[in-house]
Amino acid sequence: MGKIAANIENLLRELPPEVKVVAVTKTRTAEEAMEAYNAGLRLLGENRVQELSAKKNLLPPDVIWHLIGHLQSNKVRQAVAAASVIESVDSLSLLEKIDDEAVKQVKHIDCLLQFHIASEETKQGFGIEEADNTNWKEVAASLRAVRICGVMGMATFTEDMERVRREFRTLALIFSNLHERHFGAMEFFREISMGMTGDWPVAVEEGSTMIRVGTLIFGERIKR
Ligand SMILES: *Cc1c(COP(=O)(O)O)cnc(C)c1O
């Protein structure tokens, strides 16, 4: 068995079966992504639209592509064409643009609301207060081709796992508040995408339904 398949087997042995795995293939070759596919994974994630589109053309059609990186409005058309799930929706205007474009392309797109839970300034996302101050029920009702399927967030990049845990707990709380106040009638609102290579066990303990892992599966990434 190859290294990638072995890494996936080890991960799946430890992960509760109901938690989904998004294999993050950014910077990896199509061959490496194909090894993850052959090991049984069907959810693949990229943080850049162009790289996602390019890899989509080289992989089997039943891959469910997740866009996990910041989406600029001038790339929405390409993102809607290539992705099935956009996890990185960080503004209402972006959500509207995705919906408009999905209507045009006669396509359905699943989106997650990305919340800024980390202490780093650089991480994208809705502010925590926007979870409370937005009429999400009205927002959801205005969408024609987009379903809001849950939330996504990234914890601070730190060794301090108690801090990471608090941040994940915050995201899980945002999810349950949104579920209770706005999305209770929508059975598809059920995902909490949190946890990466360095922190996925904590994320799962705090209620993650979907982890996004790259390094753990494919090895160290060459930084760019
Ligand atoms: C790169 C990336 C990941 C995966 O990171 P690893 O540490 O390699 O597991 C997860 N989520 C997002 C948004 C990313 O950009």
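Everything that follows concerns the structure shown earlier in this document.
Definitions and limits used
Residues numbered from 1 in each chain as written. Predicted model: local features only at pLDDT ≥ 70, side-chain atom pairs only at ≥ 80, totals over all residues. Heavy atoms only, no water. Near = heavy atom within 4 Å. Polar contact = N/O pair within 3.5 Å; in protein donor to acceptor, adjacent residues only side chain to side chain. Areas by Shrake-Rupley, 256 points an atom, 1.4 Å probe, with all protein chains shown as cover. Buried < 20%, exposed > 50% of the residue type's maximum accessible area, 1.4 Å probe, protein only. Helix = DSSP H or I, 4+ residues; strand = E, 2+ residues; numbered from the N terminus. Pairing = 2+ DSSP bridges. Salt bridge = Lys/Arg side-chain N within 4 Å of Asp/Glu carboxyl O. Core = buried A, V, L, I, M, F, W, Y, C linked by side-chain atoms within 4.5 Å.

In this section: the site of the ligand. By nearness alone, every residue bordering the ligand is listed as Val-24, Lys-26, Ile-68, Met-154, Met-196, Thr-197, Arg-212, Val-213, Gly-214, Thr-215 and Arg-221. One of the side-chain N or O atoms of Lys-26 is found 2.7 Å from an oxygen atom in the ligand. Arg-212 is positioned with one of its side-chain polar atoms (N or O) 2.9 Å from a nitrogen atom of the ligand. In the complex, 91% of the free accessible area of the ligand, which totals 390 Å², lies under the protein chains.

Take the pairing of strand β5 (residues 109–115) next. Burial within β5 is extensive, with seven of its seven residues counted as buried. Burial along β5 is two-sided: Ile-109, Cys-111, Leu-113 and Phe-115 and Asp-110, Leu-112 and Gln-114, pointing in opposite directions, are all buried. Both strand β4 (residues 85–89) and β5 contribute to a ladder of three bridges, which runs parallel. Looking at β5, one finds that Ile-86 is bridged to Cys-111.

The full count for this structure, using the stated rule, is 16 salt bridges. For Glu-191, the salt bridge goes to Lys-20, with nearest N and O atoms at 2.5 Å. Here Glu-191 is found in strand β7 (residues 191–193), whereas its partner Lys-20 is found in strand β1 (residues 20–24), with 171 residues between them in sequence. We classify Glu-191 as buried; its relative accessible area is 9%. Accessibility expressed as a relative area gives 32% for Lys-20, which makes it partly exposed. A salt bridge links Glu-191 to Arg-190, with the nearest nitrogen and oxygen atoms 3.9 Å apart.

Counting 66 residues, the largest nonpolar core has Leu-71, Ile-86, Ile-98, Phe-115, Leu-178, Ile-211 and Ile-217 as the members making the most contacts within it. Ranked by residues supplied to this core, first place goes to helix α8 (residues 161–183) with eight residues. Judged by nonpolar contacts, the second largest core, of nine residues, contains Leu-112, Cys-149, Met-152 and Met-210.

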